[in-house]
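Coordinates in review
Listed here are the chains, written in short residue letters.
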Amino acid sequence: MERHAYPSDLTDEQWEVLQAVLPKPKGGKPGRPRTYPLREIWNAIFYQGRTGCQWRYLPHDFPPHADVWEHFCRFRDAGLIEAVHDALRVRVRQAAGREPTPSAAILDSQSVKTPQKGGPTATTKARTSKGASATWSSIRSD
């Protein structure tokens, strides 16, 4: 059964770019076959990233959220999420007629005001009036 397409789904061109970034399967004996297509795992990751939904709230026509989360963690730890982002950013910049990599960066900073006086004078505890204390008043009146 084919599922309904979401706006966040990878296009065929995007999938080709993404596949070029993914590491090739290791040689040797074949591993366990995939339960879910890798493209569907990536579609679920992009859906979650675009909508901001919790992993448990992924639509049921995606692979189970636990499998998607596990793949996401592996991809993140291996640096694949960043590599995919960089590869897709290059494509977007080229499609817009720009250089593949940015030539400038803008850094912003924010000042934080500090007290004029520092050290122990700024942290000395204020004295409290013993006359304002209900406990002290009851002891003195006896």
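Our subject in this report is the structure included herewith.

Moving on, we get to helix α1 (residues 12–21). Turning to α1, its buried residues number three or more, namely Trp-15, Val-17 and Leu-18. For α1, the buried positions fall inside an angular range of 160° around the axis, keeping them on one side. Facing away from the buried side of α1, by more than 90 degrees, are the exposed residues Asp-12, Glu-13, Glu-16 and Ala-20. Residues of α1 that are buried make contact with α2 (38–51) and α4 (80–95).

Next up on the list: the environment of Tyr-47. The topology assignment puts Tyr-47 in helix α2. Between the C-alpha atom of Tyr-47 and that of Leu-58, which follows or precedes it by 11 residues, the distance is 8.0 Å. In contact with Tyr-47, other than residues within four places in its own chain, are Tyr-6, Ser-8, Gly-52, Cys-53, Leu-58, Pro-59 and Phe-62.

Okay, the side chain of Asn-43 next. Note on placement: Asn-43 falls in helix α2. Among residues more than four places away in sequence, those in contact with Asn-43 are Arg-3, Ser-8, Asp-9, Leu-10 and Phe-62.

So, on to the environment of Pro-64. Tracing the backbone shows Pro-64 in the loop between α2 and α3 (65–77). Overall, Pro-64 belongs to the partly exposed group, its relative accessible area being 37%.

What counts and how
- Note on numbering: residues in each chain are counted from 1, in written sequence order.
- Given that the model is predicted, a residue must reach a pLDDT of at least 70 before its local features are reported, and side-chain atom pairs must reach 80 or more before they are shown or counted; all residues, however, enter totals for whole chains, interfaces and linings.
- Processing note: side-chain calculations cover all non-hydrogen atoms of the structure and skip hydrogens and water entirely.
- Buried residues are those whose accessible area, probed at 1.4 Å on protein chains only, stays under 20% of the maximum for their type, while exposed residues exceed 50% and partly exposed ones sit between those limits.
- The helix count covers DSSP runs of H or I at least four residues long, the strand count covers runs of E at least two residues long, and both are numbered beginning at the N terminus.
- This arc corresponds to the set of directions leading from the helix axis out to the C-beta atoms.
- The criterion used for residue contact is that any of the two residues' heavy atoms lie within 4.5 Å.

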